Amino acid sequence: MEVVVKESYEEMSKLSAELIAEVIRRKPRAVLGLATGSTPLGTYKELIRLHKQEGLDFSRVITFNLDEYVGLVHGHPQSYHYFMSENLFKHINVNPKNVHVPDGTAKDIPGFCRWYEEQIVKTGGLDLQLLGIGSNGHIAFNEPGSSLGSRTRIKTLDDKTRQDNARFFKNMNEVPKYAITMGIGTIMDARQLILLANGAGKADAILKTCEGPITAIVPATIVQLHPKATIIIDKQAATKLTREYPAEPRVLVLA
Ligand code: PGA
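> Could you give an account of the site of the ligand, naming the residues involved and the relevant values?
As a matter of local geometry, the ligand sits amid G37, S38, T39, G132, I133, G134, H138, R167 and K202. Taking S38, its side chain carries an N or O atom lying 2.9 Å from an oxygen atom of the ligand. A distance of 2.4 Å separates an oxygen atom of the ligand from a polar atom in the side chain of T39. Considering the ligand on its own, with 280 Å² of exposed area, one finds that the protein chains cover 83% of that surface. Split by residue class, the shell around the ligand holds one nonpolar, six polar and two charged.

This is the structure in structure tokens:
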């Protein structure tokens, strides 16, 4: 695991987009695991720029999103289907057939989760998984206490997560209580991980993730066990770290 501290959110986003772009350039049929939330927005903006200005080609790229709220229809403005379409997919040349976002409206959720896992395996597995981190240390919607070997499944959202995400809904009652999420085992099977965090609100979770013991109570700490993980953070998220970390990764391409 490598920790990289950038001066700003913009620089952090540029580096993460460049690492993703390099995977696509080396393997045009790359299988990417994508994340939602405010953190990856800068990365997506930069990937869109690379597509429009430098011809980064997504035509053969396959994507799998980490998670989705249960019960929100795909067109709901807070659904992750909508988020991905608005913030990335509609601006690049990805083939809609190659896009996978968990279906929060599935009638048979356990069946859907098994199918999702099978699809990831069928495509050859995730080449790179992009991750944010919750202020409670969650990755995707694997909340504190999640099994470190878990697979795609339905999870009850933590109160803290619902409060953090309430800003996107009219009131707390509207915030979904359940989500479908890739498991921690699913995420750890990816050949490369990038975990992003910015802002002081993530400083505690980042301290535990980078320097704390591995524990299911802080699911992101599992990243310490991944052989090709890069944690890219801005200065504010780094304020509680006790060690010095570089501003550039040792090798730009880890895959
Ligand atoms: P955020 O969410 O990017 O909106 O802070 C991250 C997460 O909850 O994983």
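> Could you give an account of the sheet that holds strand β4 (residues 67–69), naming the residues involved and the relevant values?
Pairing is antiparallel across the open sheet formed by three strands, whose spatial order is β4-β8-β7. The two strands at the open ends of the sheet, each matched to only one other strand, are β4 and β7 (153–156). Taken pair by pair, the neighbouring strands of this sheet meet at an average axis angle of 30°, ignoring direction.

> Lay out the sheet that holds strand β3 (residues 62–65) in plain terms, naming residues and giving numbers.
Read across the sheet, seven strands follow the order β1-β10-β9-β6-β2-β3-β5 without closing on themselves; strand pairing throughout is parallel. Across the chains shown, the open sheet's two edge strands, defined by having one partner strand only, are β1 (2–6) and β5 (99–100). Alignment of strand β2 (residues 31–34) against β3, held across four bridges, turns out to be parallel. The partner of L32 across the bridge, within β3, is T63. Taken strand by strand, helix α7 (residues 203–211) contacts β1, β9 (193–197) and β10 (229–234), and its axis lies near 150° from that of β10.

About the cut-offs
Residues numbered from 1 in each chain as written. Predicted model: local features only at pLDDT ≥ 70, side-chain atom pairs only at ≥ 80, totals over all residues. Heavy atoms only, no water. Near = heavy atom within 4 Å. Polar contact = N/O pair within 3.5 Å; in protein donor to acceptor, adjacent residues only side chain to side chain. Areas by Shrake-Rupley, 256 points an atom, 1.4 Å probe, with all protein chains shown as cover. Nonpolar A, V, L, I, M, F, W, Y, C, P; charged D, E, K, R; others polar. Pairing = 2+ DSSP bridges. Helix = DSSP H or I, 4+ residues; strand = E, 2+ residues; numbered from the N terminus. Axes fitted to C-alpha atoms, helices over the stretch in contact; angles between N-to-C directions. Contact = heavy atoms within 4.5 Å.

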